[in-house]
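Descriptive structure summary
Chain by chain, the residues run as shown.
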Protein chains: 2
Amino acid sequence: MEKNKIKIGLIGLGTVGTGVFKTLQPYENIEITKVAVKNINKPRNIENFDNSILTTDCYEVVNDPEIDIVCELIGGVEPAFSLIKKAIENGKHIVTANKELLAKHGEELFNFAEKHNKVILYEAAIAGGIPLIMPIKTILAGNKINKIEAILNGTTNYILTKMDVQGASYADVLKEAQGLGYAETDPTGDVEGFDAAYKITTLATIAFKKRIKLENVYREGITNVRAQDMLAANDLGYKIKLIASAKLDENGNADVRVHPMLISKKSTLAHIDYVTNAVSLSGHPVGSITLSGPGAGEFPTASSVIGDILAIAAELGKTDYLLPMMRCCHDETANCIDVKDTINKYYISINAKNNKGVIGKIGTICAENDISLASIVQRCVSEDNTADITVITELVQEKNMQNAIKQIEQDGNIVNSLIRVQV
Amino acid sequence: MEKNKIKIGLIGLGTVGTGVFKTLQPYENIEITKVAVKNINKPRNIENFDNSILTTDCYEVVNDPEIDIVCELIGGVEPAFSLIKKAIENGKHIVTANKELLAKHGEELFNFAEKHNKVILYEAAIAGGIPLIMPIKTILAGNKINKIEAILNGTTNYILTKMDVQGASYADVLKEAQGLGYAETDPTGDVEGFDAAYKITTLATIAFKKRIKLENVYREGITNVRAQDMLAANDLGYKIKLIASAKLDENGNADVRVHPMLISKKSTLAHIDYVTNAVSLSGHPVGSITLSGPGAGEFPTASSVIGDILAIAAELGKTDYLLPMMRCCHDETANCIDVKDTINKYYISINAKNNKGVIGKIGTICAENDISLASIVQRCVSEDNTADITVITELVQEKNMQNAIKQIEQDGNIVNSLIRVQV
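Throughout what follows, the structure given in this document is the object of discussion. This one's a predicted model, so the numbers in the text were calculated from it and none came from an experiment. (Residues numbered from 1 in each chain as written. Chains lettered and ligands numbered in written order. Predicted model: local features only at pLDDT ≥ 70, side-chain atom pairs only at ≥ 80, totals over all residues.)

1. Side note on the relation of the copies chain A and chain B
Structural alignment of chain A on chain B gives an RMSD of 0.0 Å, achieved by rotating through 180° and translating 0.0 Å along the axis. Both copies are brought into coincidence by an operation consistent with a two-fold rotation axis. The position closest to the rotation axis in chain A is occupied by the C-alpha of L291 of chain A, lying 2.3 Å away. Interface residue correspondence from chain A to chain B reaches 100%, placing this contact among same-surface, isologous pairings. (Least-squares fit on C-alpha atoms with pLDDT ≥ 70 in both. Contact = placed C-beta atoms within 7 Å.)

2. Quick notes on helix α6 (residues 154-166) of chain A
Residues and elements named next belong to chain A. Taking 1.5 Å of rise per residue, the 13 residues of α6 would be expected to cover 18 Å, and the 18 Å separating its terminal C-alpha atoms lies within 8% of that figure. Turning to α6, its buried residues are G154, T155, T156, N157, Y158, I159, L160, T161, K162, M163 and D164. Residues of α6 that are buried in the fold lie against β7 (144-151), α7 (170-179), α8 (188-191), α10 (227-235), β9 (238-248) and β11 (276-284). Positioned one or two residues after α6, G167 has a phi angle of 65°, which is positive. (Helix = DSSP H or I, 4+ residues; strand = E, 2+ residues; numbered from the N terminus. Expected span 1.5 Å × (residues − 1). Buried ≥ 20, exposed ≤ 12 C-beta atoms within 10 Å, placed from the backbone.)

3. Details of the sheet that holds strand β1 (residues 6-11) of chain A
Residues and elements named next belong to chain A. Strand order in this open sheet of six strands is β3-β2-β1-β4-β5-β6, and the pairing throughout is parallel. Each having just a single partner strand, β3 (54-55) and β6 (120-121) make up the two edges of the open sheet. Summarising the sheet, strand β4 (residues 69-72) and strand β5 (residues 93-96) pair through four bridges and their orientation is parallel. Considered in β5, the bridge of E72 is made with T96. (Pairing = 2+ DSSP bridges.)

4. Notes on the pairing of β11 of chain A
Residues and elements named next belong to chain A. Taken across its nine residues, β11 has seven buried, putting it largely inside the fold. Note: β7 against β11, seven bridges, orientation antiparallel. Along β11, the bridge assignment pairs K147 with S282. Summarising the sheet, β11 and strand β12 (residues 287-294) pair through eight bridges and their orientation is antiparallel. Within the sheet, the bridge partner assigned to S280 lies in β12 and is T290. Linking β11 to β12, which pair antiparallel, is a turn of two residues.

5. Concerning the sheet that holds strand β1 (residues 6-11) of chain B
All names here are of chain B. The strand order across the open sheet built from six strands is β3-β2-β1-β4-β5-β6, with neighbouring strands paired in parallel fashion. Every other strand in the sheet has two partners, leaving β3 (54-55) and β6 (120-121) as the edge strands with one partner each. Direction of pairing for β1 relative to strand β4 (residues 69-72): parallel, over a ladder of four bridges. From the neighbouring strand, G9 faces β4, where its bridge partner is V70.

6. Observations regarding the environment of K399 of chain B
Relative to the assigned elements, K399 of chain B resides in helix α13 (residues 398-410). Taking the C-alpha atoms as reference, K399 of chain B lies 51 Å from A313 of chain B; in sequence the two are 86 residues apart.

7. A closer look at the interface of chain A and chain B
Taken together, the contact between chain A and chain B spans 43 residues of the former and 43 residues of the latter. The set of elements that each furnish at least two residues to the side of chain A that touches chain B consists of α1 (15-24), α5 (133-137), β12 and α11 (298-315) of chain A. Looking at the side of chain A that touches chain B element by element, the count peaks at eleven residues for α11 of chain A. Grouping the amino acids of the side of chain A that touches chain B by side-chain chemistry returns 22 nonpolar, 18 polar and three charged. Examined bridge by bridge, β12 of chain A and strand β12 (residues 287-294) of chain B share three bridges and lie antiparallel to one another. (Nonpolar A, V, L, I, M, F, W, Y, C, P; charged D, E, K, R; others polar.)

Written as structure tokens, this is what we have:
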């Protein structure tokens with residue numbers, strides 16, 4: 001081991017870890033000297049791999065005095081949380097792809113790192129290979145960003161795209177996606193929006209320079225989106241996407257959410273298909289920009305991990321306070337608006353029990369709840385004398401909308417879908 | 001003037017300079033202390049503007065010992081070239097938006113800056129507010145980028161979008177764009193592709209880490225694109241865009257060009273309309289990413305200038321060698337492939353003098369020149385007994401294509417358009 005090489009300790013050698021290892025192999029000034037894994041004897045898809053650097057004890061990595069940078073790629077809260085803190089105490093800089101840990105304990109971790117004058121970089125935690133965190137913190141640093149709309153979960157975007165293209169049901173496409181490895185056996189983390197919620201929590205925190213608390217992020221998954229909704233949305237000039245969004249109003253109040261949304265076909269996000277991710281940011285002075293690319297996978301995610309490693313390596317030993325722009329120390333926690341108090345446009349699909357006078361009745365209920373309608377269309381009358389009615393509203397307060405839905409259902413109709421529409 | 005403030009000297013207070021000035025006003029640690037302008041008495045659209053910081057002598061800015069960073073926003077080769085060199089000699093770091101200067105004298109400037117241990121940052125020179133240069137040099141640093149396809153000129157993209165939407169001619173839309181201020185009175189720099197060529201020269205240089213010489217960049221403008229071509233492209237599933245592209249083959253040979261291109265509607269670039277810019281980058285390990293946003297304008301461009309200023313400011317005085325990743329010192333100059341030796345797909349629009357047997361004849365000429373056809377369509381027969389024939393080829397060597405075109409014309413037909421197709 002040469003003294004002038006920068007030494008990396010890897011925790012986790014799964015898909016991303018393997019990509020990182022392979023990509024760093026040709027570097028002469030950087031070397032991965034220790035890797036913690038679950039199973040030492042598992043075959044590794046890496047050429048010229050030296051098994052002797054493996055250990056099953058993660059603490060051998062974080063306690064190794066030779067190691068400069070610890071790269072945590074196991075995910076989840078524990079043991080990652082304790083390992084990272086120990087590594088920082090031991091004087092290591094951190095590179096991580098752990099979105100859940102950052103969303104749940106980011107504040108504590110970043111303050112802890114700052115106290116020890118170490119950096120935690122996490123480009124790979126949000127939107128895989130898309131350059132996002134570093135650009136926001138460096139070249140976009142002069143901006144007041146006040147709006148984010150993003151597709152941050154590849155699994156759900158794959159499912160929604162397939163539903164749209166094939167006219168297939170959620171259940172059928174999920175099964176297919178599981179077969180192809182695009183969705184996990186227990187898909188809850190993706191399809192219920194947890195994964196996207198973790199990511200938007202950290203993304204909004206750095207973009208707004210105010211800490212967002214995960215518990216204040218409204219979350220709704222894609223399990224109730226129907227093939228019929230896709231069709232209706234298409235006819236109206238929209239695509240349905242699982243959108244992670246964050247807004248900051250003039251008073252500094254944040255509105256952060258994850259839910260399905262009708263996105264205008266004129267919007268770039270409407271054309272982001274399958275496992276691709278995309279992030280649209282708006283702010284002053286930059287205006288509106290969109291960054292898109294692969295949101296997951298061995299190599300795209302490795303690109304971001306390695307970018308972080310190279311950024312640390314470039315300044316390591318050359319300054320007492322490296323990467324000043326990449327530090328994360330937001331004292332202020334954002335006040336978050338309750339979803340009930342937000343104002344949105346809605347797409348509503350109603351199955352009306354009795355066709356006669358039903359459009360008038362629905363119109364009256366909406367008017368009584370201060371809801372203006374942009375369009376109301378009766379799409380088809382089935383043989384059982386019910387009608388499918390599609391409504392698009394103007395801007396409405398969420399609580400008024402929920403009230404109206406209750407009344408429409410009390411009237412004997414079935415509300416099949418209530419999906420917010422991009423404004 | 002407080003001693004701990006970072007002092008900026010501005011050369012040029014036009015559109016971008018004004019945006020920079022306004023955006024920096026609230027900063028407490030950064031101050032613009034001197035601004036060189038053509039006309040001191042011109043009214044400035046800036047609140048609380050102190051006229052006493054103005055000078056008509058640019059050398060007062062670059063020679064001011066108090067100034068830490070010189071921000072050059074006048075464009076063109078001279079006097080910008082001499083001013084920047086003088087400023088570097090005087091120990092200043094440089095922020096510039098000057099794409100022409102970088103394309104023509106980048107190598108000399110960057111070497112000169114490196115010799116004096118100063119940085120030249122230029123995020124605003126390419127694609128306005130889109131984060132591009134800094135991401136490529138930092139978070140994407142671990143990638144071997146081998147392909148760029150980009151819309152880098154807002155004026156031509158505006159004209160092409162309008163031609164597409166309105167079915168209007170180039171001449172009509174240009175006139176309209178000039179009226180709205182989107183095109184200059186002499187539009188040559190934009191419509192003949194010079195502006196995009198400057199930008200792709202520097203962009204390819206940093207992406208490939210090999211210097212590209214401007215004279216090796218093939219350049220073709222949009223003045224020959226017809227409304228009929230737009231229509232035909234649309235029918236075939238394409239949009240026509242002015243694409244700045246750069247490819248690096250496995251042998252390290254570069255192919256850098258600016259010309260109109262048929263872009264598949266499935267591609268993100270096809271949906272980048274009006275003055276928006278976009279850059280698609282492909283490489284390993286990241287895969288393919290696309291960055292889009294405003295390519296020009298007071299505030300978007302100011303965002304990039306200020307990002308560069310803040311990056312320098314963050315490290316100024318804290319390290320002897322600031323921003324190591326942002327340095328530009330490519331010793332190697334790329335070998336560039338002559339356009340004649342490149343392989344492309346083509347869209348060809350032919351007006352055939354005599355309908356009888358003409359498709360067969362064109363097919364024979366193509367076959368003799370080793371050109372396979374993907375489709376050949378006779379679109380309409382006019383009253384004068386001519387036929388409009390649209391051909392899409394498979395991959396063909398450029399010199400074979402040019403040869404075939406000559407023979408088709410010698411046969412009495414008119415080749416109205418020859419536009420390359422995205423592969």
